[in-house]
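# An overview of the molecular structure
Now for the letters of each chain:
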Amino acid sequence: CTGIVGLGPTIGRIPTQGVFPRAESFDVVGPLARNVRDCALALDALAPGESFTTGIDGGIAGLRIGILEDVFGAGAKFRALGAEVREIAMPGAFDYDFLVEIMLYEFHRTLGEPFRACRNPDELFGQVVCANLRRGEKITEQGYRAALEARDKQSEAIRGVFREIDALVTPVLPAPTPRLDAPTEEFDRQRQYMIPFSGAGVPAISLPCGATQGLPVGMQIVAGRGMDKLLLRIARAFESTYGGASA
């Protein structure tokens, strides 16, 4: 929802060695770029061994696209490109409270010690980071383990959806981007459509697709684990036909 394209590849596709951890079981490395082709070019460099630009303009005729929520008429647009479009219901797939607990626990495990040792943490770390670290400090290891078990079940259900479809379309955010001084609960809610797919380790891409309240709106396309190349082809077909940041 920034007016550019962002790609989160399959977890492990790009090594995270040398990257400062945020929440290690969610962390992925991925490009932000002007358009889908540039994301593919960046992925070629970051994950050598496979060309993600080869075949990117091959079209999507016959592919099965699931629509969770019809963002700016995306369903009709994918049909016009030759895809088979169907509405998808995923009950429980977007429960996120336990996922946020995992993220906060791991975040605190990484930064908790320097945070506690800091004389002026609110000034050094900033409001949002301080709030997250203080929340993470209250989560027990037992609660963390229970949240991991819940994530495993959710992730299995999400990965199972891709036995029936080739890609899933959702909004990026459930509401316009919040202000930095918004309540922490609002920031949690904004992760609703993203964090379950991060937890499942599947690739996802965000494309600009319009605006609301003067702010850019993003459409998210998600594919099965390891299907990064297919994901980029689907995103490229949509972007090259209907436009984007710089198609």
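Look up a bit, the structure's there.
Residues numbered from 1 in each chain as written. Predicted model: local features only at pLDDT ≥ 70, side-chain atom pairs only at ≥ 80, totals over all residues. Heavy atoms only, no water.

Let us look at the nonpolar core. Core analysis: the biggest nonpolar cluster contains 36 residues, and Ile65, Phe78, Ile205, Met219, Ile221, Leu232 and Ile234 have the highest contact counts within it. Among the elements that make up this core, the one with the highest residue count is helix 9 (residues 228–242) (7 residues). (Core = buried A, V, L, I, M, F, W, Y, C linked by side-chain atoms within 4.5 Å. Buried < 20%, exposed > 50% of the residue type's maximum accessible area, 1.4 Å probe, protein only. Helix = DSSP H or I, 4+ residues; strand = E, 2+ residues; numbered from the N terminus.)

Pairing is mixed across the open sheet formed by 7 strands, whose spatial order is 2-1-6-7-5-3-4. Of all strands in the sheet, those bounded by a partner on one side alone are strand 2 (32–33) and strand 4 (84–87). The sheet contact formed by strand 5 (residues 167–171) and strand 7 (residues 215–223) spans 5 bridges and is antiparallel. The residue of strand 7 that forms the bridge with Val169 is Ile221. Across the face of the sheet, helix 1 (residues 36–46) comes into contact with strand 1 (5–8), strand 2 and strand 6 (204–212) while running at roughly 40 degrees to strand 1. (Pairing = 2+ DSSP bridges. Contact = heavy atoms within 4.5 Å. Axes fitted to C-alpha atoms, helices over the stretch in contact; angles between N-to-C directions.)

Helix length check: helix 3 (residues 97–117) (21 residues) gives 29 Å between terminal C-alpha atoms against 30 Å at 1.5 Å per residue, within 8%. The largest bend along helix 3 measures about 60 degrees and falls at Leu111, with the proline Pro114 one to four residues further on. (Expected span 1.5 Å × (residues − 1). Bend = angle between axes of the 7 residues up to and from the residue.)

This part covers the pattern of salt bridges. Enumeration over the complete set of coordinates arrives at 11 salt bridges. Put simply, Glu24 and Arg109 hold a salt bridge, and the shortest N to O gap is 2.2 Å. Taken as a pair, Glu24 in the loop between strand 1 and strand 2 and Arg109 in helix 3 lie far apart in primary sequence, 85 residues in all. Residue classification places Glu24 among the partly exposed residues on the basis of a relative accessible area of 38%. With a relative accessible area of 42%, Arg109 lands in the partly exposed category. (Salt bridge = Lys/Arg side-chain N within 4 Å of Asp/Glu carboxyl O.)

Take Ala93: it is sitting in the loop between strand 4 and helix 3. With relative accessibility at 8%, the residue Ala93 sits in the buried group. Taking the C-alpha atoms as reference, Ala93 lies 8.1 Å from Ser155; in sequence the two are 62 residues apart. If we skip the residues at most four places from it in the chain, Ala93 touches Gln154, Ile158 and Pro196.

Relative to strand 6, strand 1 runs antiparallel, the two being bridged by 3 bridges. Its bridge partner lying in strand 6, Gly6 is registered against Ser206. Where strand 6 and strand 7 come together, 8 bridges link them in antiparallel fashion. Looking at the pairing, Leu207 lines up with Met219 of strand 7. Taking the residues between adjacent antiparallel strands as the criterion, strand 6 and strand 7 are bridged by 2 residues, where Gln213 takes a positive phi near 55 degrees.

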